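# Residue-level structure breakdown
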Amino acid sequence: MIDALPRREREVFETLCRLEAGTTAEVRGALSDPLSDSAVRTMLSRLEAKGLVERASGPDGVRFSPVQETETVAVSALRRVIDTFFAGSAASAATALLGMGERLTPQEAAALEALIDERVEDKA
């Protein structure tokens, strides 16, 4: 369903997911290309009507949060990137990520090795 959202609604939703929760002003401030306050409010209301966002009153006003788990949204967004830029190859995407120059900690390397071993065994 997230893939079917208009571009700006998806951007507002993904920003809210990154924040985990936020007021209209916080979401607006975190957007890479800010919209007006009323435009962000409108998009959050549309997302709420679509069942993707919920609102709750708090001491700092109305706070919005994604209904879905952030991990679910992240997997969907990553799948879209892999399909678009890496011809559907998760291995190519992982290779590109690892080639970006950041060094892995020994714990991260071990976790990746374990996951790779697990996935290879699943295919065997």
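Residues numbered from 1 in each chain as written. Predicted model: local features only at pLDDT ≥ 70, side-chain atom pairs only at ≥ 80, totals over all residues. Heavy atoms only, no water.

### Some points on the pairing of strand 2 (residues 61-66)
What counts, and what does not: By definition, two strands form a pair when at least two bridges between them are found by DSSP. We count a stretch as a helix when DSSP gives it H or I for four or more residues in a row; a strand needs E for two or more, and each element gets its number in order from the N terminus.
Pairing between strand 1 (residues 53-58) and strand 2: six bridges, direction antiparallel. Paired with Val 53 across the strands is Pro 66, a residue of strand 2. Linking strand 1 to strand 2, which pair antiparallel, is a turn of two residues.

### Observations concerning the packing of helix 1 (residues 7-19) against helix 3 (residues 37-49)
Quick note on the threshold: Between N-to-C directions, angles span 0 to 180 degrees; the directions come from axes that are lines fitted to C-alpha atoms, helices contributing only their stretch in contact. Orientation is classified from the angle alone, with under 35 degrees giving roughly parallel, over 145 giving roughly antiparallel, 65 to 115 giving roughly perpendicular, and any other angle giving oblique. Should any heavy atoms of two residues lie within 4.5 Å, those residues are counted as being in contact. For this classification, the nonpolar set comprises Ala, Val, Leu, Ile, Met, Phe, Trp, Tyr, Cys and Pro, the charged set comprises Asp, Glu, Lys and Arg, and every other residue, Gly included, is treated as polar.
Their axes nearest at 10 Å, the elements helix 1 and helix 3 cross at an angle of 85°. Regarding the angle of helix 1 to helix 3, the classification is roughly perpendicular. Between helix 1 and helix 3, the contacting residues are Arg 8, Glu 9, Val 12, Phe 13 and Leu 16 on the first element and Met 43, Leu 44, Arg 46 and Leu 47 on the second. Taken together, the residues of the contact of helix 1 with helix 3 break down into six nonpolar, no polar and three charged.

### A word on the environment of Val 12
Take Val 12: it is sitting in helix 1. Through-space distance from the C-alpha of Val 12 to that of Ser 32 is 9.9 Å; in sequence the pair is 20 residues apart. Those residues within four positions of Val 12 in sequence are excluded, and the remaining contacts are Val 27, Leu 31, Leu 35, Met 43, Leu 44 and Leu 47.

### What about the environment of Leu 115?
With respect to the element layout, Leu 115 can be found in helix 6 (residues 106-123). In this structure the C-alpha to C-alpha distance between Leu 115 and Leu 16, which are 99 residues apart in sequence, comes to 29 Å.

### Quick notes on the pattern of salt bridges
Quick reminder of the rule: Here, a salt bridge means any Lys or Arg side-chain nitrogen found within 4 Å of an Asp or Glu carboxyl oxygen. Each residue's exposure class comes from its accessible area (1.4 Å probe, protein chains only) as a fraction of the maximum for that residue type: buried when under 20%, exposed when over 50%, partly exposed otherwise.
Counting across every chain of the model gives 10 salt bridges. Where Arg 8 meets Glu 11, a salt bridge forms, and the shortest distance between an N and an O atom there is 2.9 Å. Placement of the pair is Arg 8 and Glu 11 together in helix 1, with a separation of three residues, close to one helical turn. Each member of the pair, Arg 8 together with Glu 11, is buried. The closest approach of N and O atoms between Arg 46 and Glu 9, which form a salt bridge, is 3.6 Å. With Arg 46 in helix 3 and Glu 9 in helix 1, the pair connects residues that are 37 residues apart, well separated along the chain. Assessed through its relative accessible area of 44%, Arg 46 is described here as partly exposed.

### Observations regarding a nonpolar patch on the surface
Selection criterion: For patch detection, residues must exceed 30% relative accessible area and be free of salt bridges, and they are connected within 9 Å for like charges or within 5 Å for nonpolar side chains (Val, Leu, Ile, Met, Phe, Trp, Tyr). Residue exposure ignores everything except the shown protein chains as possible cover, and the areas themselves are Shrake-Rupley values with a 1.4 Å probe.
A cluster of nonpolar side chains, contributed by Leu 98, Leu 104, Leu 112, Ile 116 and Val 120, occupies part of the molecular surface with about 440 Å² of accessible area. Among the elements that make up the nonpolar patch, the one with the highest residue count is helix 6 (three residues). In this structure, Ile 116 sits in helix 6. Taking the relative accessible area as the measure of exposure, Ile 116 reaches 52% and is therefore exposed.

Any functional reading would require information that these geometric values do not contain.
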